[in-house]
Amino acid sequence: MSQPQPPTQEQLDAYIRTRLALAGVDLDLLPTQPDPATGVPTRDQALRSLRSFVATVPGAIAGWAPPVSGAPAAAYAQQAAPPLLYPSITEAWTGKADAR
C-alpha cells in the first residue's frame, strides 16, 4: 500500500480556517500589514505559523502511547478510567441499572 500524500497548502489553509471558525476565531480580523507598535501578527504570518504547526505536531501527538509497564503506567491507567461522579446516573444511561 502506498503512503498517504501530505495535504497541500490550500488543504491545510481550509482545514485551519474551518477549525478556527468553529472556535469563533476569524483570521480576517488580523491586519494585512505589520504593525510594529502592537506587534500583532499579520494574517499571512498567523496562517503560516498555524500551517507549520498543523503539518508537524498533531502527527507526533497522535503517535504517542502511554507506557504499559513501570512506575508511570498505574497513573496513566487511572487517568484512562477516572471514577464517576454520579455512577447511578451513568448506569441508568448505559442500561446497567436495568440488570439489577
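Everything quoted here is computed from the prediction, not taken from an experiment.

Caption draft 1: The pattern of salt bridges, seen in detail. The final tally for this structure, using the stated rule, is two salt bridges. With a shortest N-O distance of 2.8 Å, Asp 13 and Arg 51 are connected by a salt bridge. In this pair, Asp 13 sits in helix H1 (residues 9-22) while Arg 51 sits in helix H2 (residues 43-62), placing the two residues 38 residues apart along the sequence. Note that Asp 28 is salt-bridged to Arg 17, the shortest N-O span being 3.5 Å. Placement of Asp 28 in the loop between H1 and H2 and of Arg 17 in helix H1 is noted, with a sequence separation of 11 residues between them.

Caption draft 2: Representation of H1. Spanning 14 residues, H1 covers 20 Å between terminal C-alpha atoms, matching the ideal 20 Å at 1.5 Å per step. Every buried residue of H1 is listed here: Leu 12, Asp 13, Ile 16 and Leu 20. For H1, the angular spread of buried residues about the axis comes to 100°, placing them on one side. Facing away from the buried side of H1 by more than 90 degrees, the exposed set consists of Glu 10, Ala 21 and Leu 22. Residues of H1 that are buried make contact with H2. Gly 24 occupies a position one or two residues after H1 and carries a positive phi of about 85°.

Caption draft 3: Quick peek at H2. Over its 20 residues, H2 extends 28 Å from the first C-alpha to the last, a length consistent with the 28 Å expected when each residue adds 1.5 Å. Largest kink in H2: about 30°, centred on Val 54, with the proline Pro 58 one to four residues after it. On its buried face, H2 is in contact with H1.

Reading guide: rules and limits
Residues numbered from 1 in each chain as written. Predicted model: local features only at pLDDT ≥ 70, side-chain atom pairs only at ≥ 80, totals over all residues. Heavy atoms only, no water. Salt bridge = Lys/Arg side-chain N within 4 Å of Asp/Glu carboxyl O. Helix = DSSP H or I, 4+ residues; strand = E, 2+ residues; numbered from the N terminus. Expected span 1.5 Å × (residues − 1). Buried < 20%, exposed > 50% of the residue type's maximum accessible area, 1.4 Å probe, protein only. Arc of directions from axis to C-beta. Contact = heavy atoms within 4.5 Å. Bend = angle between axes of the 7 residues up to and from the residue.

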